[in-house]
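Observations on the model geometry
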Amino acid sequence: MMIKEIKVGMASCGLAAGAQAIYDALETSLPESVKLSKTACIGFCYAEPMLETVDDEGVSRYYGYLTPRDLEGFGKNEPPVKKLIISQKEEAPGNKKLARQVRIATRNSGMIDPDDIEQYVAREGYKALEKVLKEMDPQSVIDEVKNSGLRGRGGAGFSTGLKWQFAHDAQGDKKYIICNADEGDPGAFMDRNLLESDPHAVLEGMAICAYAVGADEGYIYCRAEYPLAVRRLKKAILDAMDKGYLGDKIFGSDFSLKLKVKEGAGAFVCGEETALIASIEGQRGMPRLRPPFPAQSGLWKKPTNNNNVETYANIAWIINNGAEAYAAYGVGKSRGTKVFALAGKVKESGLVEVPMGTTLREIIFDIGGGIKDDRPFKAVQLGGPSGGCVPEELLDTSVDYESIAEIGAIMGSGGMVVMDETTCMINIASFFLNFTQNESCGKCTFCRIGTKRMLEILQKIQAGEGVLEDIDKLETLAEQIIASSLCGLGKSAPNPVLSTLRYFKNEYLAHIEEKRCPAFVCKDLISFEINEEACTGCTLCARKCPVNAIEGVAKGPHTIDQDKCISCGACFDACRFNAVLRT
Amino acid sequence: MKIYLNHKEVQCQEGQTILEVARENGISIPTLCHEPELNAYGSCWVCSVKVEGMRGFVTSCGTKVREDMSVITDSPEVKKARKTALELLLSDHYADCEAPCKIACPDHVDIQTYVSLIANGKFKEAVEVIKNNLPLPMSVGRVCPAFCEMECRRSLVDEPVAIRQLKRCAADLELDSDWYFVHDKKEDKGKKVAIVGAGPAGLTAGYFLSTEGYGVDIFESSPQAGGWLRYGIPEYRLPKAILDKEIDIMCKNGMNIIYNTKMGKDVFLKDLSKDYDAVFVGIGAQLPSPMRAKNADIEGCLLGVDYLRAVAMNQAPELGKKVAIVGAGDVAIDCARTALRSGADVTLLYRRTRKEMPAETYEVDAAEEEGVKLQFLINPIEMIDKDGKLDKVVIEKMKLGEPDDSGRRRPEATGESYEEKFDSIIAAISQKCDVSWHGDDRNKVEHELELSKWNTAESDAETMHWNDNVFAGGDFRVGPATAIEAVADGKIAAMSIDRFLRGEIMAGTHKFNSRKSDKIKDMDPEEFAEIPRKDRLKARELGVTERELNHKEVEASFGQEEASEEAGRCLECGCMVNTSCSLREYSTEYEANQDQYAGELTKHPIDESHPFILRDANKCINCGRCIRICAEVQGPAVLGYIYRGFASVVGPEFGEKLEDTVCTTCGKCIEVCPTGALLPKTKHYKNNPTYFTYRDSRCSECGAACYVTIQEEHDTVLRVDAKDDNDFNGLNLCYKGRFDWQNLDVQLSAEDLNSLDVPEGTVMNISPAMSNEMIKEALSYAKDKGLEVVSCELTADPCEDYAELKDLDEVEALVLVGPLNQMIKAKARSLQLKGAKMIVVNQLDDRFNGLADADLSDLASLEIEKDVKTLFIYNREELDMDMKNEINTLMSKLDTAKAWVNSAYLNTRGLESFDVKAVEELDTANVIVWGKTPDNCYADKVWRLLLKPFHVKGTVITDFGEEIKL
């Protein structure tokens, strides 16, 4: 076996783990016979930095957890066997991690160099656009998208084809399209990786959409916190214009399209489409009343179609492979595939794409490899800060829009945060509520003040000052906030509280009635003591204590001064003899 | 189309909102954020309604009707949602509706208002305000412990405002002059009320009931009226001549007092209840508690109440040389100081220490100053007589134990005692009510009149209603208390007796009251750190030697100037719009509780930087109306939201001060603010929340002659607003209309001109800002003196086709040329919002231009179709003649163009009609400038005949040729 090519994963996930150093080292050490290239997110983010080798038989092997010391072997064609994660030839058929996945939106992620338009073109890139412009009228494009069953991947799940139809039917001398790349959910990174790994797929999807709805100008509203995505997008736009895939008279047709990248200033609410439009217009990002919907009156009061990154990334595949091929995947009204960002206390976090209808258990255990340190699973948070926490008994729920909504969570954009027994559900509800309440635009009374008051009640419960009436108050406020808010942020902000109250009420009761935090997270409710019999007097705990609350002489039993103790747990984590007791 | 409103079918038009349809059908829906001039916004969620078949609630301002839509506006869940919205807003509303002094006052006297009136030198008006609640301010102004001052926020800066003395100073006007104030007596209602007891409660009830038109008879057991004020308060604190005068004034509306008539002896409650339509029992608590010591019934042992009463009746008993007073309340101090004035050597004996003394500190200090000796931790336990007369008192030493229910440490006997020689001992421990009449059948009415275990009347605290047609209040209801508390009961009794006799529900409505804190001790003094300190003024008092052996009044009144200065220290805590605030109105309607969702508050400094607009973000509810009206109608866009989430706040960008922005001071933001977050400032007047009169007028600052409403307080202009519901300027005024009156100079008399020596060659320049009558007068004066009359403000105008008011409604295109005032711009914008195209031609770097459909640099680039109804708007003083000619030429080419030529002066066209010539500049040194001085004219000798704005009398002609009689 001879290595012919090495591709280093250089999306944010790889770069953050040190991929640049790997690439630089390989650049100097590899023999000329081996081609070195960059690619982006391969999907196995947990193992970054990683690389893919392609041998003379065309077989790919993926190596992860790399350090520069491991690289020598690649130069000598003796890669470190224990760093091998997957060998496509030997493992792919029986590997659950791969077998469960269907890569449509992420079809090129980790395969190509995102900065090289030729590599995109080589994998059927811009074929769909050419086909649309040469062979299809706008209505037949819309019909194809409708038939595919594709629904908005930003979270709401509205039929993409229908949305295009509205924008198409709207009267207007000028129309716009927008790509919503303001991915803001904590723990979600699907859009970032799509933009970093395959920007042209998004651009091509947008171009097809623009043709279908009759727009000639578009914006990609991208978080400024995604500098790599912005850079790759900007380059991709220039390259596509150079090649004539964007700009005037594309593929010789009468269709022209100008795309611009607009960087968001970091307001979560700008993911809401009316706020996003206000932000592009240079106003404060605040949602407004609908109707009128953007399809009638959007950007600069013109008909505007707005879709999420992942939605656009699916379009070219649908045109190339046909609506039926896409609709073949999925269950019920949820067709095709969905990309998820698997994160939290899961062994193998990363980006996965599965057909709708896959169960949560399959995603977390088969693809994600189960819970870190093999602790018991406690909950998975779906749909970001506005989603819900799903308990173990519901792990066999099918992942599709309807089933997820039924259990009190939302599909959202695809964030999936896994939690084990060390997570306090009140703390997590408090965390997400704190996020949404800080990110409220401040317009609606209930969202601005109501979420703050809910958060204060949660904090009160965490401090051990809760009373049973607080639960009623939380529920009442939650219902009122959901019923009386203008946009999705407010309408869904109470979800983490409602879903934890629904599935983990005992934990609330433990905090309120017993003044106890079962997960040992809420500092005001836990205390530490040293079991003098077990204590060997190693002094490690005393040295770790940040507030010098532990006293004792070497080889003698230690004690904790409760007045000084801040319940940080450093001693508990440090003790090797289980002598620190936590209550 | 039709929809269903609360299941009732109603007709409506497509495009209407639920709010509009509901209002058309007489259903009131509250709203705070809805701005009628703009599209719906939907931020406050106070207008929630339920649309059947839709999840959650919708905003009625932001939801358009659909055929057969079923809307519920009044269900319990809808009301609960609105109430929650209000309660959430209130949980972050750091503001006081009413001033804490007013709330602290048992009688809720409108202190802030009368203090402001005193600061403005309006003493008589202050008396009127005081008497709205408190009809005997001269007396109460002398004896009140001033609960108001204890809560005065000024004490967080330095010391509380001397409210009691201010009240007294104003009230004493009645003492020192023939002037007095009583409310106008209403028409005779043909019913009569009996009152038992002419103390402060009975007198107050009697005064208000007689004013209301009822016949009032007061039955008083003593030979004179006043109750405790007469027989309990010593002369040196409240001279009885003053009390007499006050009671005289109170009787002016027909209250009749029948003296020496005691209930249970001379009259009986059963008869009163039958003979009168209602009875109020205010018999007080004047029965002294006995001394708890052995042998206390011998000669020389007196009770405080009896002693003070005897002194008041000039029957003072002989006390001897050495006198002991037992007790530490106000009555004990009064006894001590009175005894001292009879020449005795007075010692006050108290079981606890100085700290626990319930008497007012300043009274204790005064007593000590005058020579009363204070002895603490001692208790007389036995009287030893000599020949049946007091000789010695056995006094036990005490020590302090644990605190009791009152929070004061309990005195405990030590068992150790000694004897001391005294000629008299006066016990002033406590008083109770005399209810010896209560068991007698002759004093019974149909239903039981219950007494409490302390022998006080169990009448209702909200209404004073006892049972049947009998009411009771004052000390007889609450036990021995203060005069102001008795007055409060008397006032409440009068109001509920009036409602009772009119067959209405007796309880009054309670207005919602937002508070910064319940008690002053919970306030953060840091909030007041920037307020300059200014010491509280102290009233002069008689020196100690001047007080010896006489009963002269100790405390003097403030002089009026002093009082005004002291009143100026008031921090104006109560909200200036507490009578018009929508948030307060809805919170009252929905019985919102400010503490329901109490939590963290956002506190903001008040922005007083702007000369005319005050911004208090603490009162802001983030409804966004000011932001939107400024950005979308007025143009300058100086306000916006800052920050996100709970911290979000409205203000100029980057937290600038309003004064540092491009604000044009049009004041529209104040007009649209539903709370008191934006307020007009009045420079030369200390404002208060209670405006007295409203007068509609037309603004005389320019030819537009906008409709205004002037709020005045006794002939002083306090505030000018756009007149509600006018269809010309709407809520729009420019800076001049709304605020410029504050900058105007004093008015001179026309007669000044007659004595004038007019030099040769003098020209008379007359201002068009005058009434036609005044122009005529000026012309006749000029004719007499042979003066040439010109007007340099009146520049020539070649316009051939002036618009009339009605043309504004039909206009399809607007061309705004050159600088214009804010009102005209806003008017143009509102016409644009109704569908007209707006083109600006002014080469100005003005954010308003951003709202225009086209912003042209010159008229040459203007393209308008011939048949489009076009209105050219310009200001005749702002454009040169070439420009005006250009406009006129353009207009002549268009079929339907007209011009709205705004003049800086109200009567420009009126002046033309008098054949006054227009000049650009005057080439003479001697000018008589008649009327408002123009900036561009200079004169050797200038006599200003400045017009007081809004007081133009006569006929004026507006931009549209209207003749208005003012």
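Note that the structure is a prediction, hence the values are computed from the model and not measured. (Residues numbered from 1 in each chain as written. Chains lettered and ligands numbered in written order. Predicted model: local features only at pLDDT ≥ 70, side-chain atom pairs only at ≥ 80, totals over all residues. Heavy atoms only, no water.)

Remarks on the overall build of chain B
Operational definition: Secondary structure counts use DSSP, requiring at least four H or I residues in a row for a helix and at least two E residues in a row for a strand, with both numbered from the N terminus. What makes two residues a contact is simply this: any of their non-hydrogen atoms within 4.5 Å. Neither His nor the chain ends contribute to the count of charged residues, in which Lys and Arg are positive and Asp and Glu negative. Where a charge sits is defined by one atom per residue type, namely NZ (Lys), CZ (Arg), CG (Asp) or CD (Glu).
Helix and strand counts for chain B stand at 29 helices and 39 strands. With the principal axes as the frame, chain B shows a C-alpha extent of 120 × 85 × 55 Å. Here the contacts in chain B between residues at least 6 apart in sequence split such that 70% fall between residues at least 24 apart. Taken together, the 119 basic and 166 acidic charged side chains of chain B have centroids lying 4 Å from each other.

A word on the overall build of chain A
What counts here: Values of the radius of gyration come from C-alpha atoms, whereas the globule rule sets the reference at 2.2 Å times the count of residues to the power 0.38. A simple rule labels every residue: compare its accessible area, found with a 1.4 Å probe on the protein chains alone, to the largest value its type can have, and call it buried under 20%, exposed over 50%, or partly exposed in between.
From N to C terminus, chain A includes 25 helices and 20 strands. Relative to the compact-globule value of 25 Å for 583 residues, chain A shows a C-alpha radius of gyration of 26 Å, a close match. Dimensions of chain A, computed from C-alpha atoms along their principal axes, come out at roughly 85 × 65 × 40 Å. Sorting the 583 residues of chain A into buried and exposed places 61% on the buried side. Look at the contacts in chain A between residues 6 or more apart in sequence, and 69% of them connect residues 24 or more apart.

Some points on the sheet that holds strand S18 (residues 424-427) of chain B
Note on sheets: strands pair through backbone hydrogen bonds, and any given pair is parallel or antiparallel. Residue and element names in this part refer to chain B. Here is the rule: Only strands joined by at least two bridges in the DSSP assignment are considered to pair. To define axes, lines are fitted to C-alpha atoms, for helices over the stretch in contact only, and angles between the resulting N-to-C directions are given on a 0 to 180 degree scale.
The strand order S11-S18-S12-S13-S14 describes an open sheet built from five strands, whose pairing is parallel. Because the sheet does not close on itself, it has two edges, and the strands there are strand S11 (301-303) and strand S14 (373-376). The sheet shows a mean angle of 25° between the axes of neighbouring strands, direction not considered. As paired elements, S11 and S18 share three bridges and run parallel to each other. What sits directly across from leucine 302, in S18, is isoleucine 426.

A short note on the state of the cysteines
Stated precisely, the cut-off is as follows: A pair of cysteine sulfur atoms is labelled a disulfide when the two atoms are within 2.5 Å.
The tally for this structure, following the rule as stated, stands at zero disulfides over all chains. Cys301(B) forms no disulfide, and the closest cysteine sulfur to it belongs to Cys335(B), at a distance of 14 Å.

Thoughts on the pattern of salt bridges
Residues and elements named next belong to chain B. Worth spelling out the cut-off: In the sections that follow, a salt bridge refers to a side-chain nitrogen of Lys or Arg positioned within 4 Å of a carboxyl oxygen of Asp or Glu.
Tallying each qualifying case throughout the model produces 97 salt bridges over all chains. Between aspartate 172 and arginine 168 there is a salt bridge, with its nearest N and O atoms 3.5 Å apart. For the pair formed by aspartate 172 and arginine 168, the shared burial category is buried. Of the charged contacts, one joins glutamate 653 and arginine 847 as a salt bridge, the two residues approaching to 3.9 Å between their closest N and O atoms. On the criterion of sequence distance, the pair formed by glutamate 653 in the loop between strand S24 (649-652) and helix H23 (668-672) and arginine 847 in the loop between strand S32 (837-841) and strand S33 (854-856) is long-range, its members being 194 residues apart. When salt bridges that share partners are traced, they join Arg237, Asp334, Arg337, Arg341, Glu363, Glu369, Glu370, Glu541 and Arg547 into one network.

Details of the interface of chain A and chain B
Filter applied, for reference: Buried area: the sum, over both parts, of the accessible surface (1.4 Å probe) that disappears when the two are put together. Polar contact is the term for a pair of N or O atoms within 3.5 Å; when the atoms are in protein, one must be able to donate a hydrogen and the other to accept it, and sequence-neighboring residues count only if both atoms are side-chain atoms.
In this assembly, 30 residues from chain A lie in contact with 33 residues from chain B. For the pair chain A and chain B, the summed buried surface comes to about 2,600 Å²; carbon and sulfur atoms form 57% of the total. Sorting the residues of chain A by area buried against chain B places Leu289(A), Arg448(A) and Arg453(A) first, and these three jointly supply 22% of that buried surface. Summed over the shared surface of chain A and chain B, the result is two salt bridges. Across the pair Lys452(A) and Glu600(B) runs a salt bridge whose closest N-O atoms are separated by 2.7 Å. Summed over the shared surface of chain A and chain B, the result is 17 residue pairs in polar contact (both at pLDDT 80 or more). Going through the elements one at a time, helix H18 (425-439), helix H19 (445-462) and helix H20 (468-483) of chain A are the ones with two or more residues in the side of chain A that touches chain B. Ranked by residues supplied to the side of chain A that touches chain B, first place goes to H19(A) with eight residues.

With respect to the environment of Glu72(A)
Residue and element names in this part refer to chain A. Inspection of the secondary structure assignment puts glutamate 72 in helix H3 (residues 72-75). Take glutamate 72: its relative accessible area is 53%, and that puts it in the exposed class. Along the backbone, glutamate 72 and glycine 252 are 180 residues apart, and their C-alpha atoms lie at a distance of 50 Å.

Notes on the side chain of Arg547(B)
Residues and elements named next belong to chain B. The topology assignment puts arginine 547 in helix H19 (residues 544-547). Polar side-chain contacts of arginine 547 include one of 2.6 Å to the side chain of glutamate 370. Excluding its chain neighbours within four sequence positions, the residues that come into contact with arginine 547 are Arg337, Arg341, Ala366, Glu369, Glu370, Glu541, Leu542 and Val554.

As for a negative patch on the surface
We apply this condition: Patches in this entry comprise residues that are over 30% relatively accessible and not in a salt bridge; like charges within 9 Å are linked, as are nonpolar side chains (Val, Leu, Ile, Met, Phe, Trp, Tyr) within 5 Å. Only the protein chains shown count as cover for residues, with accessible areas throughout obtained via the Shrake-Rupley method and a probe of 1.4 Å.
Together, Glu812(B), Glu865(B), Asp867(B) and Asp895(B) give the surface a local cluster of negative charge. In this structure, Asp895(B) sits in the loop between helix H28 (881-893) and strand S35 (898-902).

With respect to the pairing of strand S15 (residues 378-386) of chain B
Residue and element names in this part refer to chain B. Here S15 pairs with strand S16 (residues 389-403) via eight bridges, running antiparallel. Looking at S16, one finds that isoleucine 378 is bridged to lysine 397. Following S15, the chain reverses through two residues before pairing antiparallel with S16; aspartate 387 in that reversal takes a positive phi of roughly 60°.

Observations concerning the confidence of the model for chain B
Residues and elements named next belong to chain B. Definition in use: How sure the predictor is of each residue is captured by pLDDT, a score from 0 to 100.
Mean pLDDT over chain B: 91, with 96% of residues reaching 70 or higher. Within the model, the stretch residues 944-948 combines pLDDT values under 50 with 20 contacts to residues more than four positions away or in other chains. Across the interfaces of the predicted complex, the ipTM metric reaches 0.92, alongside a pTM of 0.91.

Some points on the packing of aromatic side chains
All names here are of chain A. Put simply, the test is: Working definition: a ring pair exists when centres of Phe, Tyr or Trp rings (six-membered ring for Trp) sit within 6.5 Å. Plane angles under 30 degrees give stacked, over 60 give edge-to-face, the rest tilted. Geometrically, a lysine NZ or arginine CZ counts as sitting over a ring once it is within 6 Å of the ring centre and also within 35 degrees of the ring normal.
Enumeration according to the criterion identifies 25 aromatic pairs over all chains in this entry. Here phenylalanine 431 and phenylalanine 432 contribute two aromatic rings whose centre-to-centre distance is 5.2 Å and whose plane-to-plane angle is 75°, an arrangement assigned as edge-to-face. The partly exposed category is assigned to phenylalanine 431, whose relative accessible area is 47%. With relative accessibility at 3%, the residue phenylalanine 432 sits in the buried group. Linked through ring pairs, Phe44, Tyr46, Tyr62 and Tyr65 together constitute an aromatic cluster. Lying over the aromatic face of tyrosine 226, arginine 223 brings its terminal NZ or CZ to 5.4 Å of the ring centre.

Structural notes on the packing of H18(A) against helix H22 (residues 495-503) of chain A
Residue and element names in this part refer to chain A. Heads up, the rule is: In these notes the angle categories are as follows: under 35 degrees is roughly parallel, over 145 is roughly antiparallel, 65 to 115 is roughly perpendicular, and the rest is oblique. Each crossing gets its handedness from the near helix: less than a right angle anticlockwise from the far helix is left-handed, clockwise is right-handed.
Relative to each other, H18 and H22 sit at 165°, their axes nearing to 8 Å. Classified by the angle their axes make, H18 and H22 are roughly antiparallel. In this structure, the crossing between H18 and H22 has a hand that is right-handed. For the pair H18 and H22, the contacting residues are Met425, Ile428, Ala429, Phe432 and Leu433 in the first and Pro496, Val497 and Thr500 in the second.

A short note on the side chain of Gln101(A)
Residue and element names in this part refer to chain A. On the secondary structure map, glutamine 101 appears in the loop between helix H5 (96-99) and helix H6 (117-122). Overall, glutamine 101 belongs to the buried group, its relative accessible area being 12%. Here glutamate 353 takes part through its backbone nitrogen, which lies 3.0 Å from a polar atom of the side chain of glutamine 101. Discounting chain neighbours no more than four positions away, the residues touching glutamine 101 are Leu351, Val352, Glu353, Val354 and Ile367.

A word on the sheet that holds strand S16 (residues 415-420) of chain A
Residue and element names in this part refer to chain A. Read from one edge to the other, the open sheet built from five strands follows the order S13-S12-S16-S14-S15, with strand pairing classed as mixed. Each having just a single partner strand, strand S13 (350-355) and strand S15 (388-391) make up the two edges of the open sheet. Sheet twist, expressed as the average angle between the axes of neighbouring strands with direction ignored, equals 30°. Of the pairings in the sheet, the one linking strand S12 (residues 337-344) to S16 comprises four bridges and is parallel in character. Paired with alanine 343 across the strands is valine 417, a residue of S16. Running at roughly 115° to S12, helix H10 (residues 190-197) makes contact with S12, S13 and S16 of the sheet.

What to know about the nonpolar core
What counts here: Here the nonpolar core consists of buried residues drawn from Ala, Val, Leu, Ile, Met, Phe, Trp, Tyr and Cys, with membership extended through side-chain atoms lying within 4.5 Å.
The biggest cluster of nonpolar side chains holds 105 residues, and the ones touching the most others in it are Ile111(B), Tyr114(B), Ile118(B), Ile325(B), Val346(B), Leu348(B) and Ile497(B). If you tally residues by element for this core, the top one is helix H18 (residues 483-501) of chain B, at eight residues. When near neighbours in sequence (up to four residues on either side) are disregarded, Ile325(B) contacts Ala332(B), Cys335(B), Ala336(B), Val346(B), Thr347(B), Leu348(B), Leu349(B) and Ile426(B). Judged by nonpolar contacts, the second largest core, of 89 residues, contains Leu489(A), Val46(B), Leu583(B) and Leu679(B).

Overview of the pairing of strand S12 (residues 322-326) of chain B
Residues and elements named next belong to chain B. Just so we agree on the cut-off: If the strands point away from the viewer and the path from the first strand over the helix to the second runs clockwise, then the crossover is right-handed.
With four of five residues buried, S12 lies mostly within the body of the structure. Taking the sense of rotation as the criterion, the β-α-β connection linking S12, helix H15 (residues 330-341) and strand S13 (residues 345-350) turns out right-handed. The pairing of S12 with S18 spans four bridges and is classified as parallel. Residue pairing in the sheet places isoleucine 325 in a bridge with isoleucine 426 of S18.

Here's the deal with the environment of Tyr312(A)
Residue and element names in this part refer to chain A. You can see tyrosine 312 is positioned in helix H14 (residues 309-321). Sequence separation between tyrosine 312 and glycine 152 is 160 residues, and the spatial gap between their C-alpha atoms is 9.3 Å. Ignoring anything within four residues of it in the chain, the contact list for tyrosine 312 reads Trp164, Ile177, Ile178, Cys179, Ala201, Val202, Gly205, Met206, Cys209, Asn305, Asn306 and Asn307.

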